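A closer look at the structure
Each chain, letter by letter, is given below.
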Amino acid sequence: MTVAALAALAGSSPAAARSVMVPAGAARFEVLTPTLIRAEYAQDRRFENRPTMTATRDAVPAPRFTFTRSGGWLTIRTRLATLAYRLGSGPFSAGNLRLTLSVSGRRVSVAPQPGRSQGNLGGWRRALDLLDGPVALNDGLLSRAGWYVLDDTSTALLTPGSPGFAVRPSRAGPYQDWYLFAYGHDYQRGLGDLRALTGPAPMLPRGAFGVWFSRYWPYSDQDYHDLLATFRAHQLPLDTLSIDTDFKRESSAQGAQIAAAIAGAPGRPYSWDGWEWNPSLFPDPHGFLDWAHRQGLSVALNIHPSISTNDPKYPGASGQAGGLTISGGASTCHILIADPTASCAVFDWTKPQQIDTYFGLHQDLERAGADVFWFDWCCDDSSASAPGLTADTWINSLYAQRQRARGTRWPAFARVGASYSSSDGFDGDTQGGGTGIFAEHRYSIQFTGDTCATWPMLAFEAQFSAAEGNVGLPYISHDIGSFHGQPVNGQCGPLGTSALSAHLPDNLYARWVALGTFQPLDRLHSDHGDRLPWQYGPAAAAAASSFLRLREALGPYIYTLSRRTYDTGLPITGALYLEWPGRPDAYQHTSEFTFGPDVVVAPVAADGDPAPAQMWVPPGAWVDYFTGQRFRGPAVVTLSVPLSQMPVLIRAGAVIPTQPSQPYTPARPQHQLILTAYAGGSGSFGLYDDPGTGFGYTGHRYSWTPVAHTQRGRLSTLRIGPARGSFPGAVRSRSWVVRLIGVDRPPVVRLDGRKLGPRRWSYAATSRTLTVNVGAVASRRTAVVSAGPP
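Note that the coordinates shown come from a computational prediction; the quantities given were computed from them, not determined experimentally.

Here the focus is the overall build of the protein. Scanning the protein from N- to C-terminus turns up 15 helices and 42 strands. Along the longest, intermediate and shortest principal axes, the C-alpha atoms of the protein span 80 × 75 × 50 Å. Considering the protein as a whole, with its 790 residues, one finds that 62% of them fall into the buried category. Contacts in the protein between residues far apart in sequence, at least 24 positions, make up 73% of those at least 6 positions apart. Here the protein displays about 27800 Å² of accessible surface, and carbon together with sulfur accounts for 52% of that area. Charge separation in the protein, taken as the distance between the mean sites of 68 positive and 60 negative side-chain charges, equals 15 Å.

Let us now look at the sheet that holds strand S19 (residues 372-375). Within a beta sheet, neighbouring strands are joined by backbone hydrogen bonds and run either parallel or antiparallel to one another. Within the open sheet, the nine strands sit side by side as S22-S21-S20-S19-S15-S14-S13-S24-S23. Their pairing is parallel. Either end of the sheet is taken by a strand with one partner, and the two such strands are strand S22 (476-477) and strand S23 (479-480).

In this description, an aromatic ring pair is defined by two values, namely the gap between the centres and the angle between the planes. Taken as a whole and judged by the stated rule, the model has 52 aromatic pairs. Summarising the aromatic geometry, the rings of Trp374 and Phe413 are spaced 5.8 Å apart at their centres and angled 40 degrees between planes, so their arrangement reads as tilted. Of this pair, Trp374 sits in strand S19 while Phe413 sits in strand S20 (residues 412-414), placing them 39 residues apart in sequence. The residues Trp374 and Phe413 share a single accessibility class, namely buried. Aromatic side chains Trp580 and Trp622 sit 6.0 Å apart centroid to centroid with 65 degrees between the ring planes, which places their arrangement in the edge-to-face category. Of this pair, Trp580 sits in the loop between strand S25 (573-575) and helix H15 (585-588) while Trp622 sits in strand S28 (residues 611-624), and the two are 42 residues apart along the sequence. The exposure classification of Trp580 matches that of Trp622, with both residues buried. It is Arg195 that lies over the ring of Tyr566; its NZ or CZ is 5.4 Å from the centre.

Spatial ordering of the open sheet is given by S16-S18-S17, a layout of three strands whose pairing is antiparallel. Two strands lie at the open edges of the sheet, namely strand S16 (307-308) and strand S17 (325-326), each paired on one side alone. Relative to strand S18 (residues 344-346), S16 runs antiparallel, the two sharing two bridges. Residue pairing across strands places Ser308 opposite Cys344, the latter belonging to S18.

Attention now goes to the pairing of strand S7 (residues 97-103). Counting buried positions over the seven residues of S7 gives five, a clear majority of the element. In the sheet, strand S6 (residues 81-86) pairs with S7 via five bridges, with the strands oriented antiparallel. When the bridges of S7 are listed, Thr82 appears paired with Thr100. For S7 and strand S8 (residues 106-110), the ladder comprises five bridges, and the chain directions are antiparallel. Bridging across to S8, Val103 finds its partner in Arg106. Linking S7 back to S8 in an antiparallel pair, the connection comprises two residues, with Ser104 at a positive phi of about 55 degrees.

The rules we used
- Residues numbered from 1 in each chain as written.
- Predicted model: local features only at pLDDT ≥ 70, side-chain atom pairs only at ≥ 80, totals over all residues.
- Heavy atoms only, no water.
- Helix = DSSP H or I, 4+ residues; strand = E, 2+ residues; numbered from the N terminus.
- Buried < 20%, exposed > 50% of the residue type's maximum accessible area, 1.4 Å probe, protein only.
- Contact = heavy atoms within 4.5 Å.
- Areas by Shrake-Rupley, 256 points an atom, 1.4 Å probe, with all protein chains shown as cover.
- Lys, Arg positive; Asp, Glu negative; His and termini not counted.
- Charge placed at Lys NZ, Arg CZ, Asp CG, Glu CD.
- Pairing = 2+ DSSP bridges.
- Phe/Tyr/Trp six-rings, centres within 6.5 Å; stacked < 30°, edge-to-face > 60°.
- Lys NZ or Arg CZ within 6 Å of the ring centre and 35° of its normal.

This is the structure we're talking about:
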C-alpha cells in the first residue's frame, strides 16, 4: 500500500500523508525518511505525538513507501530499507522486529535493539576536565554495522507552556518509542536523518569563527584596553573576549585574599559566583562593553550558577524564587566562594519561579551589553532533576531561548549532554534517563573543559571534535594550549599547582595554536597561564602568529561550512570515514579529520622542529597547503613538518575563499575576497553570505555565489558568480583576487575574454602561483578568469 492509499484510508489527502502513521494494534510506525523509521509501542494504545527534548520532527520530509500485512507480519518498505514486525507479538524485541538494509552493497538483516549495534564509532563526552590524554567516548549515532536505535522512550516532552517540558505520562503496560536509523555506510545520510529528526544547529554570528581569547585572571577594564593594543601592535586578529569569573564582585575581601593566593594570583581580586561587576576592576561596565563593541569584539561573561547568601542580590532573588536551597557547608561551592560568613544558594531549573529568578539575575549583565554567557556549571548543587530530562541540555536550551529572545544568534556556551552533580565529579556522562545529547546541537557551543597539556591530549582533541560530529555537534571549543598547562607531579591541574606550569614548551604551544586554526572555534584559554604568541620564543611566536592570521583569513570558508552544517547536519570537522566509509585507513587515523569536503588536516603531536607526522592521503590528487607538494592517494606518508607548517591537504581542483588581513571580522559581508584554486583537477565552491547576525538565514535572506574551477590541458579557468539570493546589506559589487596554485607561467591571462596587461597579474616561479587582480565585479554578473595558451 502506498502513502497515498494509506492517506485515503485515513480520510486524509496525500499532501497530509506525512502525519499518517502505519497502525499495527498496540504498535505503530512512521516512515520519516527512506532510512529512518519511528517504531512506537503502547500497550494502552495511548500513542505520543508531541515533540520530545530530542525528537522535534519538524524538518522531516514525506518519503514514498509501501507496506503489506501477510503471514502475520507487517512489512514496511522504502527504497533503501525494510522493517518487519510480527503482528500481535507485544513489545519490540529481537524476536519480533527485523530491519533489512544495505551495508557496503550487501543486504543485511538485523534485530534492531537499543545499545546492540556493534562497531559504534564513538561520539561524545560531557567534557575533558582534568584529563591529559585519550579516554573512551560514549556511543554516537554512527556504527560500522550501519544502523542505530535511538531510544527516546523516557525523554521528557517539549511543551509550549511553562516550564517548557513535561515528564512522559505513566502507562498502563509497556511503552517504547524508538527511532531506527538504517544508513548503512552512508554516514552522511545518517547525520542528515538526525538533523531531520532533531532539527538544525543554528548559525553563529560571523565573528564567532574568528580568534577568541580568555584567561582565568582578574583582568581590569584597562588591562583589556592594553591587551587589545598589544594584539593590534603585533597585527594579530581578535574577535571575542571570554571573561572569566573574577570580573564579579568579591563575596569577602579577607577570604578573597586567601583564595587568590591559592588560585595563583596573590594580591589580586578573586570571585566565584556573583551577579554584579567588581567596581575596582570595571568602574563602568556599560562603557567597557561599548568600547569592546566599537573595537569589533564580542564579549562572553562567565557564570557559575549559584549565589552567595552575602550577595547584595540574594534577598530579592530568594524571595522571588520562593526560597532557595542552601548547599551544605562542606560543598565545593561553599569553598569556592571563599567567604566563611556566607553559604552557597542554588537553583532548581525545573521550577518556573526559580527559572525566572535565575535568569532575572542576568538582566543587568545583559543591559550592560554582554553578548553571550559562558555557563560554567561545574561545582555546585543547582539542578534540573526530572525523569527523562537531561539537565545540561535543559539549562542550555533555556539559555539558547533567552539569547534568541534578545535577538542574538549566540547560543549557550557550555558543557553538554550529561548531568553534572557533585557526586559524579567532572565525568557525569550519564544521560539522566533522556537522550539530551542528541539535542545539544540546537542549543550550545560546547567548551570541553579543563585539560592538561600533553602531546597525547593535543592529538585527542582533534579526534574528539570530529567524533562529536557523530551526535550532530558542530561547534566544539577547546582550551587551545590547555587550561592547566603541563601536569605537575603527575597530576592534571590540582588546585594551586596549575600556575607552576603556566608556560608551555614552545613547540607544544605553537602546535596547539596550529590545531586551533582548523577547529570549529579557535579559543585561546588557560588557568593563569601564558597563551599569547609574544610570550614565547621567536620561532614559536612567529608560527603561532601566522596561524592566528590564517584563522582570520579563512573566515569566508568557515562561515560557509557553518551554513553547510545548518543545511545538512554535517560537522565542520569530520571524521575521515564520513567521506571515505569504504576505506579501512579512514577508521584508523583517528586524529586526522576533514575541514570541509576538500580539506584534510592532521595535527602534529610530537616534539621537534621539524617534527614527524604520519598522514593518510585519501584517494585522488592532493596538494600540501604549505609547501605545494603533490600527493596521490590512497597512501600513508610520513612527513617532516617545520613549526611554521601543519599537515593540511587540499583536493586538487578545489577552490578556497579567504579574506584579506584585518584586526577582526565584521558581521557584514566582505567587499574584498581572495579565491585560491589548486591545479591538477576541477572543482567548485559555493560561497555563502548573509548579514552575519540575525535570523534571516532561517528564511531566504542569504545568497550563494558559485565558483567553478576547470583545467583542460594548459588552460585554467575560474568562473565567478553571479550571486543568487538577496538580503539586507548584501554587497552590490565585490573586488576579487584569483590565485592559481601549481600552474606554469601562462603566456596570456584573460578576464571575460579580454587580455589583461602585466599590471593586473603576477607570477611567482618558486611556488608556481599565478595571482590575478580581477578588481570590482557586480554581484549580479559573471566574471571569468582564464590563463593559458594565446
